[in-house]
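# Residue-level structural notes
Okay, here's what each chain looks like letter by letter:
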Amino acid sequence: MAKSLARTGSRRNGRSGSRKNARRIPKGIIHVQASFNNTIVTVTDVRGRVISWSSAGTCGFKGTRRGTPFAAQTAAGNAIRAVVDQGMQRAEVMIKGPGLGRDAALRAIRRSGILLNFIRDVTPMPHNGCRPPKKRRV
């Protein structure tokens, strides 16, 4: 069998360090999406490029435990720990959804030491749009 030669200009062996840690981000936006089943925390820079994210599911919570406030607090702490290391000091918080993790995630963000410019609720509210599904009869 012929030996495979390592390509010199390839992407895999061309990088000489992690690009994620090279960026310094002084300001960013923290998006918290809290549904009844899960809480997803995404941290972006001001242009909207994702820097770090975490969810209750990736933190190891399974099933109905993903929708709990403690799971949301853990997810927010994991997402923010990565960006504090990259030098983020200020942030804006956008909270979306009706879930239990809204307040717990916000409490974890406040505790992390990042200065919050403002907190905005961006939950989509219909102006009497689509007809809702019929009520369940159990």
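Residues numbered from 1 in each chain as written. Predicted model: local features only at pLDDT ≥ 70, side-chain atom pairs only at ≥ 80, totals over all residues. Heavy atoms only, no water.

The name an unreviewed UniProt entry gives the protein chain is Small ribosomal subunit protein uS11c, with Trapa maximowiczii as the organism. Quoted verbatim from the Sequence similarities (unreviewed entry) field of UniProt, the annotation for the protein chain is "Belongs to the universal ribosomal protein uS11 family." Entered under Subunit (unreviewed entry) in the UniProt record, the comment concerning the protein chain runs "Part of the 30S ribosomal subunit." (UniProt positions renumbered as here; feature names shortened; annotations may be inferred.)

The next subject is the side chain of S54. Mapped onto the elements, S54 comes out in strand β3 (residues 50-55). Residue S54 is classed as buried on the basis of its relative accessible area of 5%. Within the local environment of S54, its side chain forms a polar contact with the backbone oxygen of A75, the two atoms lying 3.5 Å apart. Filtering out sequence-adjacent residues up to four positions away, S54 remains in contact with T39, I40, V41, C59, A75, N78 and A79. (Helix = DSSP H or I, 4+ residues; strand = E, 2+ residues; numbered from the N terminus. Buried < 20%, exposed > 50% of the residue type's maximum accessible area, 1.4 Å probe, protein only. Polar contact = N/O pair within 3.5 Å; in protein donor to acceptor, adjacent residues only side chain to side chain. Contact = heavy atoms within 4.5 Å.)

Let us look at the pattern of salt bridges. Tallying each qualifying case throughout the model produces 3 salt bridges. A salt bridge links R49 to D45; its shortest N-O distance comes to 3.0 Å. Among the residues examined, R49 registers a relative accessible area of 42% and is labelled partly exposed. Across the salt bridge formed by D121 and R102, the nearest N and O atoms sit 3.4 Å from each other. Taken as a pair, D121 in strand β5 (residues 115-121) and R102 in helix α3 (residues 101-111) lie far apart in primary sequence, 19 residues in all. Here D121 falls in the partly exposed class, since its relative accessible area comes to 47%. Its relative accessible area of 22% is what places R102 among the partly exposed residues. (Salt bridge = Lys/Arg side-chain N within 4 Å of Asp/Glu carboxyl O.)

Within the largest apolar cluster, 22 residues are counted, with the highest numbers of intra-cluster contacts made by I30, V32, V41, M88 and I109. Mapped onto this core, the elements with two or more residues apiece are β1 (27-34), β2 (39-45), α2 (69-85), β4 (90-96) and α3. Of the residues forming this core, the biggest block, 6 residues, is contributed by α2. Beyond its immediate stretch of four places on either side in the chain, M88 contacts I25, P26, K27, G28, V43, T44, I51, V83 and I114. (Core = buried A, V, L, I, M, F, W, Y, C linked by side-chain atoms within 4.5 Å.)

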